[in-house]
Protein chains: 4
Amino acid sequence: MLRFALVGAGFIGTVHARSLTDHAGVELRTVADPDASRAEALAAKAGAQAVSDIDSVFADPQIDAVLIASSTHTHASLLHACATAGRAVLCEKPIDLALPIATEAVAAVQASGIPAMVDFNRRFDPDHRALRDAVRSGAVGTVELIQMTSRGPSLPPLDYLRVSGGQMRDQTVHFFDLLRWITGMDPVEVYVAGAALADPRVADVPDVDTSVATLRMSNGALCQIDSARRIAYGYDERVEVNGSDRMVESGRRRTGTVSRYGLGTVVSDGIDVGWFERMSHTYRLALNEFVEAIDAGRAPEPSLADGLAAQRIAEAATQRIAEAATQSLRTGRAVPIEL
Amino acid sequence: MLRFALVGAGFIGTVHARSLTDHAGVELRTVADPDASRAEALAAKAGAQAVSDIDSVFADPQIDAVLIASSTHTHASLLHACATAGRAVLCEKPIDLALPIATEAVAAVQASGIPAMVDFNRRFDPDHRALRDAVRSGAVGTVELIQMTSRGPSLPPLDYLRVSGGQMRDQTVHFFDLLRWITGMDPVEVYVAGAALADPRVADVPDVDTSVATLRMSNGALCQIDSARRIAYGYDERVEVNGSDRMVESGRRRTGTVSRYGLGTVVSDGIDVGWFERMSHTYRLALNEFVEAIDAGRAPEPSLADGLAAQRIAEAATQRIAEAATQSLRTGRAVPIEL
Amino acid sequence: MLRFALVGAGFIGTVHARSLTDHAGVELRTVADPDASRAEALAAKAGAQAVSDIDSVFADPQIDAVLIASSTHTHASLLHACATAGRAVLCEKPIDLALPIATEAVAAVQASGIPAMVDFNRRFDPDHRALRDAVRSGAVGTVELIQMTSRGPSLPPLDYLRVSGGQMRDQTVHFFDLLRWITGMDPVEVYVAGAALADPRVADVPDVDTSVATLRMSNGALCQIDSARRIAYGYDERVEVNGSDRMVESGRRRTGTVSRYGLGTVVSDGIDVGWFERMSHTYRLALNEFVEAIDAGRAPEPSLADGLAAQRIAEAATQRIAEAATQSLRTGRAVPIEL
Amino acid sequence: MLRFALVGAGFIGTVHARSLTDHAGVELRTVADPDASRAEALAAKAGAQAVSDIDSVFADPQIDAVLIASSTHTHASLLHACATAGRAVLCEKPIDLALPIATEAVAAVQASGIPAMVDFNRRFDPDHRALRDAVRSGAVGTVELIQMTSRGPSLPPLDYLRVSGGQMRDQTVHFFDLLRWITGMDPVEVYVAGAALADPRVADVPDVDTSVATLRMSNGALCQIDSARRIAYGYDERVEVNGSDRMVESGRRRTGTVSRYGLGTVVSDGIDVGWFERMSHTYRLALNEFVEAIDAGRAPEPSLADGLAAQRIAEAATQRIAEAATQSLRTGRAVPIEL
């Protein structure tokens, strides 16, 4: 039985609390949140104790593992605390929006030798996993072309965008991780074209809400990732990997299988309306991996180093977008067309 | 009854000959080819007269229209001849690989006032057309993101690649045209990443066989086009247009509807094996438009100007690939990633 | 908060226990099973008390509702007990395999006025429900032709088949209920052709494992239901309703969306391997309806009368199969073909 | 070069004329029709001679083969004439609506030894053929359950229905043939429930426009065929074969691949609007088989005996419908349900 403290009792903390209480090999001992009433409400539902003083988590010898689901700016120091206290840690992404701080936290964790995992939950989606198996087993041959689609149904509030680090660090980073994990390769360069199409005020953040990234992989393969914050038809996340021998792709998941046939037209059920409907099941599967790895004495994956790697790609992509914001630079890179 | 001369009795000339003879409003009077025996063979099958002296086509007062299906380097001078002789003209793409020569030919044709059409046959595919109708009718709202896939089953011979003008001018140009036609907008800049993945000798041509192009449209929308000369699973051509209100896409056309259900797996019929299986029907439909437009006294579409516009986009894309071939330039544009 | 006793701690009882403990408006107070150790094991997991003396359930004034998930032969007397004690009741199907006993139990329940529901859980599947909505809203027009498919992955043990009442009463009865519920009409006659194809020993039970039933509905529409105990490709349950204005159908639910494209062939994820994977979610939804109806003071559906009606159709179908087992009768009904 | 006379210049004769003129190994020499102007119009288009005296076809020594596309009541005597004159014959179905006359004509043809084929064109549809290959190769294992759907978009005129022989002989007969051909087995008994749902006047013909047939095959497998004259959503023809090892089915063919994604709903292209759009290509393929078989000196398939066999099944089915029209008989066969 692995005894957990959950740090963070907000939306994503609540999701994790449910996984933790449902897991047969886990005891959720403590819910910690600086907001005492929030901590208590969630702890009551989960049959755990509530604390608002986070330090007390690390003082409790009956805590084996910490699940970090608090605000991003607290992740790095919590990781340091886990390293010092010798607690296994499952950390929501990102490690820290500032790469130097993130790098230092990862170094501390690695030096301590504690089991640590970053919660890139999409890796646990069965469709993504089947795709990876097809690629890594060699079934597609040499990977040559990858397409990824990451589109959500609504623009987050501008206030959120201002602290999010930008579309690359906040949204596309998941796909930078999937890209590395599915192909087993690193990208070596990235180009991004982005725009504020859903809402022009996004440009003032400054950020983009729609973008197309092109990456060149270490074996020369090309990858394209389109990211959109707000589409009109639900939550659309897909991956396609084309290789020398075969192409493998995940499709759009429909909410039902009902079709209505009329003359000339078939009307079918649409796709999931949001990210949570499509991906919430992966949090349990990620927790399973964390617990299993610790039980088996192996390092859980994705590692914090995986988290850093995806973040570095996002960093380069963000830099590219920032440069493009200067007109003189943009015209220097893409080629203008005169018709 | 529109009386045609067909110039060029090679593969694509033979395809056109069949459309011409099957068309109720057309008389195929002459098949012209400098290779007399080739001209005669095709003319015999089509019930037409054969000539090997191309000039005689323009001397014949009983020819109303010329279909140019000869080698690319002959197109421009044939267009000049049509303009001088006052013959309607349906011209295979491209007008000329050299933009100045192409531009001059188009100017001459426009000055003459003859009906002229460039054979961007994909515009006549019913799926592409349904997509365009959805976009142009406003059903998708404001266009924000476009994805196009252009993948063929086999690498053309290196000898062909050497005279083809490169992947952008030879293959992707069709999608530059579809892009303009479907959206009713022009792109304003283009970025391309390409590689020789199907065969490293393609790099020596120099050319690429796999590429990802990113275009920014006049309204700010982003477009991504992936082009592959050789894939393993047939001929894959698709378009997806995402707008503020709806997304519309064409799917992969399967060769049959049969599915075999086993435990855990369903095996279904694959897609068309090649370009011809997928697109050959469009030549007839393009001819229909040409004949109908002339009968109705309106200008047929796509115009030669449309041909030039697509070629100019291909030109910019090709220039981008050429620059990227110099390492210093490439690293100057895409951002290198250090992991 | 509705306080429940669950009677029956076997497989399906365990499924119900989970729904009951997860439901926010329910308290699972007692788990009752004559097998005390089985009752205790499940009660411990559910945080309830265990009893092996079923009568004590009805003596406990703190029980509001009883969920009957025990052996079929105990259902009728438990329903009588609920009626006498004035407890709301949610009863697994069937009410009793003997129609007179079932009819009497239903009469007693109806006379008592207690809320009562039979657990035809398929009615709560969202796909079936969407289909019904399409039909009942008039979107398909007048119903003319209905097709139902009910196929499972494995033959139950022969010992089970001997007490099951036969394929019609055990398997197809669910679809007789769906048929009534979806169309809002009763069937007026039924024909069945059946055979023991999965295992010839099924004929000795006597029973059939593969059958095709044809029903004529009260409005003249025709319905076909095929039932197979053992198919090779998973669990296949579908419904199609064709009307004068439109056709609506549910499709096969795939376990994933991944497709692997090779030359000429696409390999995709198959369908659910079994009934439980496809239908287990409906137990929770059925419980929701039961609790909501009681809270709102309306009669929950499907009623026990619905249970009886489906059973009566199964009875007629079973009689048809039994008659057909006599060769002289069979040839008297279907027409022999001489080629 | 096989020299043909085409007898019948109506709708289906015109379809055949086009296949004959397009076939490289065929010379269409004569178009025969008692209506001289109709014969002449079609002959002119086909570059053939027209005759209105059918006997002259058999007097012409330059005719190798006769394609019978005239009215049904003329088929038998034309087959006798072919047998006498020693001309190969491709005959539209049915041979004759009266089984004794049909049987006699087939006997005469068989005695003469001329190559003869009945035009069950659906056998040449690539989807049906792929299904048969899967079944006959053993890929599905032992056949246990077959489902066939035969639904057209509109009720034929009542005047046509009066001479058609009824739905079984006119429509479902094609599927009786497919059933034998796909499974390689004969049915041994048939049950049919039918109704006049599209138009009550069909009952006065007397005929049915909607029906469900159940057949038992020689190996014990069960088959269900639903036939509808008028559905609202186009032309729907499908086959599903379930065996002990696998299930194989043909799907609905969509007219295009375009999908429009909105929130909660996807709108896709519908199915073919009619029989001709779905099946017209099979006439060419049937002609190919006829010509190839004669060139190769083998008997073309489907044989006239195949035509007779399907007709005999239709005969038994029709008899069943006729008997059911008497209320006392119907209630004697299907079991009435009392709810």
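Residues numbered from 1 in each chain as written. Chains lettered and ligands numbered in written order. Predicted model: local features only at pLDDT ≥ 70, side-chain atom pairs only at ≥ 80, totals over all residues. Heavy atoms only, no water.

Asks: Give me the interface of chain B and chain D: which residues, what numbers.
Replies: Interfaces are often sized by the accessible area lost when the parts come together. Counting residues at the interface gives 19 residues for chain B, matched by 19 residues for chain D. Summed over both sides, the interface of chain B with chain D buries roughly 1600 Å², with 54% coming from carbon and sulfur. Three residues, Thr257, Val258 and Tyr261 of chain B, lead the burial of chain B against chain D; their summed loss comes to 34% of the area buried on that side. Taken together, chain B and chain D are joined by 0 salt bridges. If you list the elements that add at least two residues to the side of chain B that touches chain D, you get α6 (126–136), β12 (247–250) and β13 (258–262) of chain B. For the side of chain B that touches chain D, the element with the most residues is β13 of chain B, which contributes 5 residues. For the side of chain B that touches chain D, a count of residues per class yields 6 nonpolar, 6 polar and 7 charged. Relative to strand β13 (residues 258–262) of chain D, β12 of chain B is paired through 4 bridges, and the arrangement is antiparallel. (Contact = heavy atoms within 4.5 Å. Buried area = accessible area lost by both parts, 1.4 Å probe. Salt bridge = Lys/Arg side-chain N within 4 Å of Asp/Glu carboxyl O. Helix = DSSP H or I, 4+ residues; strand = E, 2+ residues; numbered from the N terminus. Nonpolar A, V, L, I, M, F, W, Y, C, P; charged D, E, K, R; others polar. Pairing = 2+ DSSP bridges.)

Asks: Break down the environment of Ser77 of chain D for me, with residues and values.
Replies: Within the secondary structure, Ser77 of chain D is located in helix α4 (residues 75–85). Assessed through its relative accessible area of 49%, Ser77 of chain D is described here as partly exposed. (Buried < 20%, exposed > 50% of the residue type's maximum accessible area, 1.4 Å probe, protein only.)

Asks: So what about the packing of aromatic side chains? Which residues, and what values?
Replies: All names here are of chain D. Within the structure shown, the criterion is met by 26 aromatic pairs over all chains. Ring centres of Phe11 and Trp275 lie 6.3 Å apart, and the angle between their planes is 55°; on these two criteria the pair is classed as tilted. One end of the pair, Phe11, is in helix α1 (residues 11–22); the other, Trp275, is in helix α9 (residues 275–279), with 264 residues separating them in the sequence. According to the relative accessible area criterion, Phe11 is exposed, its value standing at 53%. (Phe/Tyr/Trp six-rings, centres within 6.5 Å; stacked < 30°, edge-to-face > 60°.)

Asks: Give me the lowdown on helix α11 (residues 304–324) of chain B, citing residues and values where you can.
Replies: Residue and element names in this part refer to chain B. Across its 21 residues, α11 extends 30 Å between first and last C-alpha, which sits within 8% of the 30 Å expected from 1.5 Å per residue. In terms of burial, α11 is largely enclosed, as 16 of its 21 residues are buried. Put simply, Ser303 is the residue that caps the front of α11, since its side-chain oxygen is 3.3 Å from the backbone nitrogen of Ala305. (Expected span 1.5 Å × (residues − 1). Polar contact = N/O pair within 3.5 Å; in protein donor to acceptor, adjacent residues only side chain to side chain.)

Asks: Explain the side chain of His75 of chain D to me, using residue names and the numbers behind them.
Replies: Note that His75 of chain D resides in helix α4. The residues contacting His75 of chain D, other than those within four sequence positions of it, are Ile68, Ser70, Cys91, Glu92, Lys93, Pro94 and Ile95 of chain D.

Asks: Before we move on, could you go through the sheet that holds strand β6 (residues 116–118) of chain B and cite the residues and values that matter?
Replies: Across a sheet, strands are paired by hydrogen bonds formed along the backbone, either parallel or antiparallel in direction. Residues and elements named next belong to chain B. Strand order in the open sheet formed by 6 strands is β3-β2-β1-β4-β5-β6, with parallel pairing between adjacent strands. Single-partner strands in this sheet number two, and they are β3 (49–51) and β6. Direction aside, neighbouring strands of the sheet carry axes that sit 20° apart on average. Running over the sheet, helix α1 (residues 11–22) touches β1 (2–7), β2 (26–32) and β4 (65–68) and is turned about 170° from β1. (Axes fitted to C-alpha atoms, helices over the stretch in contact; angles between N-to-C directions.)

Asks: So what about the side chain of Thr172 of chain B? Which residues, and what values?
Replies: Here Thr172 of chain B is to be found in helix α8 (residues 167–183). Excluding residues that lie within four positions of it along the chain, Thr172 of chain B makes contacts with Gln167, Ile225 and Ser227 of chain B.

Asks: Give a description of the confidence of the model for chain A that names residues and reports values.
Replies: Residue and element names in this part refer to chain A. Across chain A, the average pLDDT comes to 94, with 97% of residues at or above 70. Predicted confidence for residues 327–332 stays below pLDDT 50, and this span has 7 contacts to residues more than four positions away or in other chains. Two summary scores accompany this predicted model of the complex, namely pTM at 0.95 and ipTM at 0.94. (pLDDT = per-residue confidence, 0-100.)

Asks: Please give an account of the relation of the copies chain D and chain C that cites residues and values.
Replies: For the match of chain D to chain C, the screw axis carries a shift of 0.0 Å, the RMSD comes to 0.0 Å, and the turn is 180°. Here the transformation between the copies is reduced to the relation of a two-fold axis. (Least-squares fit on C-alpha atoms with pLDDT ≥ 70 in both.)

Asks: Explain the state of the cysteines residue by residue, including any values.
Replies: Applying the stated criterion across every chain yields a total of 0 disulfides over all chains. The closest cysteine sulfur to the non-disulfide-bonded Cys82 of chain C is located on Cys91 of chain C, 8.3 Å from its own sulfur. (Disulfide = S-S within 2.5 Å.)

Asks: Give me the packing of helix α1 (residues 11–22) of chain A against helix α10 (residues 281–296) of chain A: which residues, what numbers.
Replies: All names here are of chain A. Interhelical geometry of α1 versus α10 gives an angle of 55° and a closest axis separation of 9 Å. Classified by the angle their axes make, α1 and α10 are oblique. Remark: the crossing between α1 and α10 carries right-handed chirality. Judged by residue contacts, Ile12, Val15, His16, Arg18, Ser19, Leu20 and Asp22 of α1 engage Tyr283, Arg284 and Leu287 from α10. Of the residues assigned to the contact of α1 with α10, the class counts are 5 nonpolar, 2 polar and 3 charged. (Parallel < 35°, antiparallel > 145°, perpendicular 65-115°, else oblique. Left-handed = near helix turned anticlockwise from the far one by under 90°.)

Asks: Mind laying out the interface of chain D and chain C, listing which residues take part and the relevant values?
Replies: Facing the 57 residues of chain D at the interface are 58 residues of chain C. Note on chain D versus chain C: buried area summed over both sides is about 4700 Å², and carbon and sulfur give 58% of it. Where chain D touches chain C, the interface holds 10 salt bridges. The salt bridge involving Glu240 of chain C is made with Arg151 of chain D; its shortest N-O contact spans 2.5 Å. The tally of links between chain D and chain C comes to 12 residue pairs in polar contact (both at pLDDT 80 or more). For the side of chain D that touches chain C, the element with the most residues is strand β8 (residues 187–195) of chain D, which contributes 8 residues.

Asks: Got a sec to walk through the pattern of salt bridges? Specific residues and values, please.
Replies: In total, this model carries 115 salt bridges over all chains according to the counting rule given. A salt bridge links Arg18 of chain A to Asp22 of chain A, with the shortest nitrogen-to-oxygen separation between them at 3.9 Å. Separated by 4 residues within a single helix, Arg18 of chain A and Asp22 of chain A lie in helix α1, roughly one turn from each other. Of the charged contacts, one joins Arg201 of chain C and Asp199 of chain C as a salt bridge, the two residues approaching to 2.8 Å between their closest N and O atoms. Arg201 of chain C gets classed as exposed once you look at its relative accessible area, which sits at 52%. Accessibility expressed as a relative area gives 12% for Asp199 of chain C, which makes it buried. Taken together, the salt bridges that share partners define one network made up of Arg151, Asp226, Asp236, Arg238 and Arg252 of chain A together with Glu240 and Glu249 of chain B.

Asks: Got a sec to walk through the sheet that holds strand β5 (residues 88–91) of chain C? Specific residues and values, please.
Replies: Residues and elements named next belong to chain C. The parallel open sheet is built from 6 strands, whose spatial order is β3-β2-β1-β4-β5-β6. The sheet is open, and its two edges are formed by β3 (49–51) and β6 (116–118), each paired on a single side. Taken over all neighbouring pairs, the strand axes of this sheet differ in orientation by 20° on average, direction set aside. Sheet analysis places strand β2 (residues 26–32) next to β3, joined by 3 bridges and oriented parallel. Within β3, the position partnered with Val31 by the bridge is Ala50. Lying over the sheet, helix α1 (residues 11–22) contacts β1 (2–7), β2 and β4 (65–68), oriented at roughly 170° with respect to β1. Set on the sheet, helix α10 (residues 281–296) makes contact with β1, β2, β4, β5 and β6; between it and β1 the angle comes to about 135°.

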